[in-house]
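Structural features, examined
For reference, the chains in residue letters:
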Amino acid sequence: MQYILTLDQGTTSSRAILFDRAGQIKGIAQQEFPQIFPKPGWVEHDPAQIWRTQLTVAKDVLKNSGCSPSDLAAIGITNQRETTIVWDRASGEPVYNAIVWQDRRTADVCDDLRRTGKTQLFKDKTGLVLDPYFSGTKVQWILKHVAGGREKAEAGQLAFGTVDTWLIWNLTGGRVHLTDVSNASRTLLFNIHTGEWDSELLEILEIPRDVLPQVRASSEIYCETMADHLGASVPVAGIAGDQQAALFGQVCTKPGMVKNTYGTGCFMVMYSGERAIASENNLLTTVAWKTGKQLRYALEGSIFIAGAVVQWLRDGLKLIESASEVEVLAGQVEDNGGVYFVPAFTGLGAPYWDPYARGTIAGITRGTSGAHFARAALESIAHQTVDVLQAMQADSGIEITELRADGGATANSLLMQIQADLLGVPVVCPRVTETTALGAAYLAGLAVGYWKDEDEVAAQWQAARRFEPRMKRAQVEQHRAGWQRAVERAQNWVVPE
């Protein structure tokens, strides 16, 4: 058993990565799939395409690496988290498209829950804020709007799952319906203190318990895949939502350690160990993982649009032909020229939680160029990260000494330097940048004894690049003040119907 295979199912693509015992990448395969935008603020995926692309890349990485299924010790799964799928148990067919985590269609439902005084109840039990980001109101929407959905759900004919659950259902031919604690903790339905689905919350959101998957630890042997998918049965032994997986892959296993993942969105997570810190600054208290019998917790700030702003420069404005060109374009100017870009395309996440905010570019003059737009776009990612970090330090009482960074955008050295400057602490990028997939591999490998313990895993982490802050604090404060003015102009833009 030479390798661990991670299925890394993301928002814009499905990937499969092989890791060896040193935590190094043996092979990688990736396939993008379409984004569906039925209405402004709505984002969907075709669940069949999620499954098809994920299975395809799993086969591809084995073939391209010259590996057979017998070389695999286990499979780990990491996934876009709050994306919601409901399917028919008998046929395995989805009753509706997957409603993606970015989708804002249930903003009015969350407003109603707040008006009826449910905010604190949900926060106390789930650690979450009432926002359409999470799965619970998405499930409610599907059951309400799909013909016969509620009746079938109450009759036990439908199954709900986040993407990890959907993949396991398909990998096992519909035999297994489960999720792990990290994904369950993102649904608005799971009590993070008891570690169980919460009957009171299910009743409020009108969701029958029978649609829910079984909740398991993040590192244990759950099941084996059907032999005909990969050519042999392979144990599935690790599951974690993408950000918790990245936290584990970055070996942030001591309270106060922080990582930030720069992907489609941007997600900063601080590990807090056995302590579930109740946020007073609009952050999320979430389950980090469960290994053995003990739940571990984290504070998280979710930024909806990070790398997606660069995609918009490419596909919407057509300023660049590929995402990698943004660094060169932004580097053509010394500063942002007074331009601030708030990429609230689908509202603002932490610490604002404003589903009615929309994208805003402020400070444009006749001298503004495409390079200024590009630089302001990169700065928007860094500014949003600082917003979250400041809230995190206030909640935890811990001043961080460094930020461990991962995700595709860490390849952009200009962005990483801007981030270090605005944060005022070093930004450190690891040698293995695929930390989300690596974290899922570690969780699976620990469950089957591929790695002995967490100390062996921690010893593998190595820094590759380190960015020290260089900007004077007075200049940082000037940039931060401009950003805050721009955010104020982006907020509450959409008038609820």
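Comments concerning the side chain of S218
As for its position among the elements, S218 is in the loop between β12 (214-216) and β13 (219-224). Not counting residues within four places of it along the chain, the set of residues in contact with S218 comprises D180, V181, A237, G238, I239, W289, K290 and L443.

Considering the packing of aromatic side chains
The relation between two aromatic rings is expressed through the spacing of the ring centres and the mutual angle of the planes. Scanning all chains against the criterion turns up 20 aromatic pairs. Aromatic side chains Y271 and W289 sit 5.2 Å apart centroid to centroid with 15° between the ring planes, which places their arrangement in the stacked category. Here Y271 is found in strand β16 (residues 266-273), whereas its partner W289 is found in strand β17 (residues 284-291), with 18 residues between them in sequence. According to the relative accessible area criterion, Y271 is buried, its value standing at 5%. W289 gets classed as buried once you look at its relative accessible area, which sits at 2%. Each member of the aromatic cluster is reached from another via a ring pair, and the members are W101, Y133, F134, F267, F304 and W353. The ring of W42 carries R105 above its face, with NZ or CZ at 3.8 Å from the centroid. The ring of W461 carries R404 above its face, with NZ or CZ at 3.6 Å from the centroid.

A closer look at the sheet that holds strand β23 (residues 463-467)
Taking strand neighbours across the sheet as the criterion, the seven strands line up as β17-β18-β16-β15-β21-β22-β23 in an open arrangement whose pairing is mixed. The sheet is open, and its two borders are formed by β17 and β23, each paired with just one other strand. Taken pair by pair, the neighbouring strands of this sheet meet at an average axis angle of 30°, ignoring direction. Sheet analysis places strand β15 (residues 258-262) next to β16, joined by five bridges and oriented antiparallel. Residue Y262 lies in a different strand from β16, and its bridge partner there is C266.

Observations concerning the packing of helix α11 (residues 307-315) against helix α13 (residues 370-396)
Look at α11 against α13: their axes get within 9 Å of each other, and the N-to-C directions meet at 160°. When the axes of α11 and α13 are compared, the pair comes out roughly antiparallel. The interaxial crossing formed by α11 with α13 has right-handed handedness. Facing α11, whose interface residues are G307, V309, V310 and L313, α13 presents A374, A377, L378, S380 and I381. Per-class residue counts for the contact of α11 with α13 are seven nonpolar, two polar and no charged.

Concerning the environment of G449
Tracing the chain through its elements places G449 in the loop between α15 (435-448) and α16 (454-458). Classification of G449 as exposed rests on a relative accessible area of 52%. Measuring from C-alpha to C-alpha, the distance between G449 and A73 comes to 8.9 Å, with 376 residues separating the pair along the chain.

As for the environment of M268
Following the sequence through the fold, M268 ends up in strand β16. Owing to a relative accessible area of 1%, M268 belongs among the buried residues under this scheme. Counting along the chain gives 130 residues from M268 to I398, while the straight-line C-alpha distance between them is 15 Å. Apart from residues no more than four positions distant in its own chain, M268 is found in contact with V258, K259, N260, L299, E300, G301, T385, V388, L389, M392 and L403.

Describing the sheet that holds strand β14 (residues 235-241)
The strand order across the open sheet built from six strands is β3-β2-β1-β5-β14-β13, with neighbouring strands paired in mixed fashion. Both edges of this open sheet fall to β3 (25-32) and β13, since each of them pairs with a single strand only. Here the average twist between neighbouring strands, direction ignored, is 25°. Two strands pair when backbone bridges link them, and strand β1 (residues 3-9) and strand β5 (residues 72-79) are joined in this way by seven bridges, in the parallel orientation. When the sheet's bridge partners are listed, T6 is paired in β5 with G76. In the packing of helix α10 (residues 242-249) onto the sheet, the strands contacted are β5 and β14, and the crossing angle to β14 comes to about 100°.

A look at the state of the cysteines
Within the structure shown, the criterion is met by zero disulfides. Unpaired in terms of disulfides, C252 finds its nearest cysteine sulfur in C429, a separation of 13 Å.

Overview of the environment of P40
Among the structural elements, P40 can be located in the loop between β3 and β4 (44-45). For P40, a relative accessible area of 80% puts it in the exposed group. Along the primary structure P40 and D103 are separated by 63 residues, whereas in three dimensions their C-alpha atoms are 9.3 Å apart.

Observations concerning unusual backbone geometry
Cis geometry is adopted by the peptide bond preceding P351, which originates at A350 and carries an omega value of -5°. In this fold, P351 is placed in the loop between β19 (340-342) and β20 (360-362). Its identity as a non-glycine residue notwithstanding, L188 has a phi of 70°, on the positive side. Relative to the elements of secondary structure, L188 occurs in the loop between α7 (181-184) and β10 (190-191). Overall, L188 belongs to the buried group, its relative accessible area being 1%.

About the cut-offs
- Residues numbered from 1 in each chain as written.
- Predicted model: local features only at pLDDT ≥ 70, side-chain atom pairs only at ≥ 80, totals over all residues.
- Heavy atoms only, no water.
- Helix = DSSP H or I, 4+ residues; strand = E, 2+ residues; numbered from the N terminus.
- Contact = heavy atoms within 4.5 Å.
- Phe/Tyr/Trp six-rings, centres within 6.5 Å; stacked < 30°, edge-to-face > 60°.
- Buried < 20%, exposed > 50% of the residue type's maximum accessible area, 1.4 Å probe, protein only.
- Lys NZ or Arg CZ within 6 Å of the ring centre and 35° of its normal.
- Pairing = 2+ DSSP bridges.
- Axes fitted to C-alpha atoms, helices over the stretch in contact; angles between N-to-C directions.
- Parallel < 35°, antiparallel > 145°, perpendicular 65-115°, else oblique.
- Left-handed = near helix turned anticlockwise from the far one by under 90°.
- Nonpolar A, V, L, I, M, F, W, Y, C, P; charged D, E, K, R; others polar.
- Disulfide = S-S within 2.5 Å.

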